[in-house]
Amino acid sequence: MTFNITVEREARVKNDKTYYTYFISANIRGKEVRISVMPPDTGGYRVLDIVYGNQNEATLVVTPFEIKDTSGRVVRGNTFSVQSYDENGEIYECPIKPSRTSDKSLLNMILK
C-alpha cells in the first residue's frame, strides 16, 4: 500500500564521518512534525545507503498484516519499508520502523 509519503534523509558529520538520519515531515492538525524512522537493525543502514543511492528521498511503503495468536485473538498492524527505483526500473527496498513510541503514534496519525 503506497500513501505517496516521502521518507527523507539528512546527512550529519561527526568526527569526520557522515551519518544519515531518516524522517518523514508532516503536518498534523496544524503542527509541523518530524517522524523519525530507522532500519530494524544496525546492518540496515548499509541497505538504506543502497536504497537511497545519490538521492535524499524514497517512498514509504505500508504493508498491512494480520496474525492470529494462540488464543485465537487477531492482531492487526502494518510493516513499513522505503523503496526507490534505479534508471532501469530496478526496485530497491529496505524495511524501516519508527524510532520511538511517539514516532509510531505520529505515523499512525498520518496514515488515517
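Because the structure is predicted, anything quoted here is derived from the model rather than measured.

A. Region of interest: unusual backbone geometry. Notably, D16 is not glycine yet its phi reads approximately 60 degrees, a positive angle. Mapped onto the fold, D16 is located in the loop between β1 (2–14) and β2 (17–28). One non-glycine residue, R29, lies in the positive phi region at around 50 degrees.

B. Summary view of the nonpolar core. Core analysis: the largest hydrophobic core is formed by 22 residues, its most contacted members being V7, I24, L60, V82 and I110. Broken down by secondary-structure element, the contributors of at least two residues to this core are β1, β2, β3 (31–38), α1 (44–52), β4 (57–68), β5 (74–85), β6 (91–98) and α2 (101–111). Broken down by element, this core gets its largest block of residues, four residues, from β2. If we skip the residues at most four places from it in the chain, V7 touches Y22, F23, I24, V37, Y52, N56, E57, A58, L60, V82 and I96.

C. Up close: α1. All of the buried residues along α1 are G44, L48, V51 and Y52. Seen end-on, α1 carries its buried residues on one side only, within an arc spanning 85 degrees. Every exposed residue of α1 that faces more than 90 degrees away from the buried side is listed here: R46 and I50. The first or second residue beyond α1 is G53, which carries a positive phi of 55 degrees.

D. Main features of α2. Within α2, the full set of buried residues consists of D103, L107, I110 and L111. Looking straight down α2, one finds its buried side chains confined to an arc of 100 degrees; they lie on one side.

E. Structural context of the environment of N54. Structurally, N54 can be placed in the loop between α1 and β4. As a C-alpha pair, N54 and G89 span 35 residues in sequence and 16 Å in three-dimensional space.

F. Structural view of the pattern of salt bridges. Enumeration according to the criterion identifies six salt bridges in this entry. The partner of R9 in a salt bridge is D49, and the shortest N-O contact between them spans 3.6 Å. Note that R9 is positioned in strand β1 and D49 in helix α1, a separation of 40 residues in sequence. Assessed through its relative accessible area of 38%, D49 is described here as partly exposed. A salt bridge links D69 to R73, with the shortest nitrogen-to-oxygen separation between them at 3.5 Å.

G. Region of the structure containing the packing of aromatic side chains. Per the stated rule, a full pass over the model turns up two aromatic pairs. The interplanar angle of 50 degrees and the centroid separation of 5.3 Å between the aromatic rings of Y22 and Y52 together place this pair among those described as tilted. Highlighted residues: Y22 in strand β2 and Y52 in helix α1, separated in sequence by 30 residues. The class of Y22 is buried, set by a relative accessible area of 4%. Over the ring of Y20 we find R9; its NZ or CZ atom is 4.0 Å from the centre of that ring. The ring of F23 carries the charged tip of R34 above its face, separated from the ring centre by 3.6 Å.

What counts as what
- Residues numbered from 1 in each chain as written.
- Predicted model: local features only at pLDDT ≥ 70, side-chain atom pairs only at ≥ 80, totals over all residues.
- Heavy atoms only, no water.
- Helix = DSSP H or I, 4+ residues; strand = E, 2+ residues; numbered from the N terminus.
- Core = buried A, V, L, I, M, F, W, Y, C linked by side-chain atoms within 4.5 Å.
- Buried < 20%, exposed > 50% of the residue type's maximum accessible area, 1.4 Å probe, protein only.
- Contact = heavy atoms within 4.5 Å.
- Arc of directions from axis to C-beta.
- Salt bridge = Lys/Arg side-chain N within 4 Å of Asp/Glu carboxyl O.
- Phe/Tyr/Trp six-rings, centres within 6.5 Å; stacked < 30°, edge-to-face > 60°.
- Lys NZ or Arg CZ within 6 Å of the ring centre and 35° of its normal.

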